[in-house]
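Chain by chain, the residues run as shown.
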Amino acid sequence: MTIHRFAHADAASLQEVVAALDETCLPLGGGTDLVAMMKAGLMAPERLVNLKTLPDHHGVRPGDGGWRIGALMTLADLAADPAVAEAPALASLVEAVLDSASPQLRTMATLGGNLLQRPRCWYFRNPEVPCWRKGGRRCFAFRGENKYHTLLGGGPCYAPHPSDPAVALLALGAAVRLSGPAGDRTLALDDFYVTPTRDAQRADGYHPVTVLAPDEVLVEVLIPGSAANARSAYVKLMERGVWDFALVSVAVNLALSDAGQVAAARVALGGVAAVPWRATEAEEALLGGSLTPEAIDRAAEAVVAGTRPLEHNAYKVDQLKAALRQALRRWTAD
Ligand SMILES: Cc1cc2nc3c(=O)[nH]c(=O)nc-3n(C[C@H](O)[C@H](O)[C@H](O)COP(=O)(O)OP(=O)(O)OC[C@H]3O[C@@H](n4cnc5c(N)ncnc54)[C@H](O)[C@@H]3O)c2cc1C
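Rules used in this analysis
Residues numbered from 1 in each chain as written. Predicted model: local features only at pLDDT ≥ 70, side-chain atom pairs only at ≥ 80, totals over all residues. Heavy atoms only, no water. Domains from an automatic or database assignment. Contact = heavy atoms within 4.5 Å. Buried area = accessible area lost by both parts, 1.4 Å probe. Polar contact = N/O pair within 3.5 Å; in protein donor to acceptor, adjacent residues only side chain to side chain. Helix = DSSP H or I, 4+ residues; strand = E, 2+ residues; numbered from the N terminus. Nonpolar A, V, L, I, M, F, W, Y, C, P; charged D, E, K, R; others polar. Axes fitted to C-alpha atoms, helices over the stretch in contact; angles between N-to-C directions. Left-handed = near helix turned anticlockwise from the far one by under 90°. Near = heavy atom within 4 Å. Areas by Shrake-Rupley, 256 points an atom, 1.4 Å probe, with all protein chains shown as cover. Salt bridge = Lys/Arg side-chain N within 4 Å of Asp/Glu carboxyl O. Buried < 20%, exposed > 50% of the residue type's maximum accessible area, 1.4 Å probe, protein only. Core = buried A, V, L, I, M, F, W, Y, C linked by side-chain atoms within 4.5 Å.

### Examining the domain arrangement of the chain
One frequently used descriptor of interface size is the decrease in accessible area upon assembly of the parts.
Piece 1. Along its sequence, the chain is carved into domain 1 (60-116 + 161-223) and domain 2 (230-329).
Piece 2. Listed as interface residues are 28 residues of domain 1 and, on the opposing side, 24 residues of domain 2.
Piece 3. Note on domain 1 versus domain 2: buried area summed over both sides is about 2,000 Å², and carbon and sulfur give 61% of it.
Piece 4. Three residues stand out in domain 1 for area buried against domain 2, namely H161, V167 and A171, and they jointly supply 28% of the buried area on that side.
Piece 5. For the interface between domain 1 and domain 2, the tally reads 13 residue pairs in polar contact (both at pLDDT 80 or more).
Piece 6. Per element, the largest residue contribution to the side of domain 1 that touches domain 2 is six residues, and it comes from helix α8 (residues 164-171).
Piece 7. Of the residues contributing to the side of domain 1 that touches domain 2, the split by class is 18 nonpolar, six polar and four charged.

### What to know about the packing of helix α11 (residues 293-302) against helix α12 (residues 315-329)
Piece 1. Axis separation between α11 and α12 bottoms out at 9 Å; the angle between their running directions is 145°. Relative to α12, α11 is oriented so that their crossing is right-handed. Residues I296, D297, A299, A300 and E301 of α11 pack against K321, L324, R325, L328 and R329 of α12.
Piece 2. Per-class residue counts for the contact of α11 with α12 are five nonpolar, no polar and five charged.

### Details of the site of the ligand
Piece 1. Near the ligand you find 33 residues, and of these P27, G30, T32, L34 and T110 are the closest.
Piece 2. Contact between the ligand and P27: an oxygen atom at 2.5 Å from a main-chain N or O atom of the residue.
Piece 3. Calculation on the ligand without its partners gives an accessible area of 970 Å², and the protein chains cover 93% of this total.
Piece 4. Of all the elements in the fold, those that place two or more residues in the shell around the ligand are β2 (25-28), α7 (111-115), α8 and β8 (217-223).
Piece 5. Here the element with the most residues in the shell around the ligand is α7; it accounts for three residues.
Piece 6. Grouping the constituent residues of the shell around the ligand by class yields 15 nonpolar, eleven polar and seven charged.
Piece 7. Each of domain 1 (60-116 + 161-223) and domain 2 (230-329) contributes no fewer than three residues to the shell around the ligand.

### Considerations on the pattern of salt bridges
Once the charged atoms of two side chains with opposite charge are near each other, the side chains can pair.
Piece 1. Here the structure, examined in full by the defined rule, presents 17 salt bridges.
Piece 2. With its nearest N and O atoms 2.2 Å apart, the salt bridge here joins R177 to D184.
Piece 3. Owing to a relative accessible area of 45%, D184 belongs among the partly exposed residues under this scheme.
Piece 4. With its nearest N and O atoms 3.4 Å apart, the salt bridge here joins K321 to E301. Note that K321 is positioned in helix α12 and E301 in helix α11, a separation of 20 residues in sequence.
Piece 5. Overall, the relative accessible area of 45% leaves E301 in the partly exposed class.

### Let's talk about the nonpolar core
Piece 1. Residues I69, V221 and I223 are the most contacted members of the largest nonpolar core, which totals 42 residues.
Piece 2. Those elements giving two or more residues to this core turn out to be β5 (66-70), α3 (75-80), α5 (91-98), α7, α8, β6 (175-180), α9 (189-192) and β8.
Piece 3. Counting residues per element, this core draws most heavily on α8, at six residues.
Piece 4. When we break this core down by domain, the ones giving at least three residues each are domain 1 (60-116 + 161-223) and domain 2 (230-329).
Piece 5. Leaving out residues up to four positions away in the same chain, V221 has contacts with W67, R68, I69, L111, L115, L169, A174, A175 and V176.
Piece 6. Counting residues in hydrophobic clusters, the runner-up holds 31 residues, among them V235, V267, I296 and V304.

What follows is the structure, given as structure tokens:
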């Protein structure tokens, strides 16, 4: 067995963190994914800088009529925070957080680390398999065991993004604030996540699914204010009842007019693409109409537009339709 030695430092300030970070020095949140990746021999940083000792970004603040959530908040604290737990518009986020992992993991895991966790694909997680995402030549899931893999976005990597909160946040129109040596930048989640491409590869060989630079830290998640009658829901379908990653998930964020018509809609999908996925066809199908059974059927057909199942995962197409129906039916009379 090879012993990999690394240095560990508790961060005192954000400036210190961004000055330290590069391809050999990684930020440590709760460590629930990073340490597992290191133990498996999948990552070998020379240094870790512990973000949890930073004085800020551990709580929720109001901002621009919405919410600013510190990226260092643990998932457990986030779900329990009254500003989040009691906001009807954020119901989907609370559901997604409480559907993530286990109570023990949520006590350690930070929101930032959750949004940046690596995929759960069994080829990716096997250190003996040189899959494309790790710098190898091909995706073994494409013609292999692909029961849990993607339906949307095509290759070259078919591993689904594992985060539940990311899907809820995408439907809520959230943005992320990143801090780096040149200052801060704020990006909509739609622009933060990018499907992996051949021309984006990090020095360690990995293909990223975000535009986060090696010397940047995710410091905050910004959720815009919503209409008074906004409502949101998160439906996750799993193989086991608890403590499992999504086979598919659907997050819906709707604003309804007084007459009950859909005035604004955002729909996001999990478990089906290498990044949290916007279902724009389903949004268009919902806009302007009421949530009648027919409209829900049309949205359910639209949510699977463009899906291209692999050999073993066609069941996810029906699951997506069912999950969207389940989410929308929460707001119908019957
Ligand atoms: C058994 C099990 C079941 C799970 N089930 C689910 C599930 O159902 N749904 C779900 O969503 N998740 C699930 N997870 C994943 C879990 O939620 C993540 O491991 C966790 O959220 C990662 O957070 P962390 O703070 O521990 O990240 P870390 O492990 O500390 O970091 C993960 C990555 O993000 C980087 N990073 C961390 N914080 C920052 C930051 N602020 N800025 C820049 N980079 C940063 C690290 O360098 C590392 O590369 C599960 C995990 C396990 C082990």
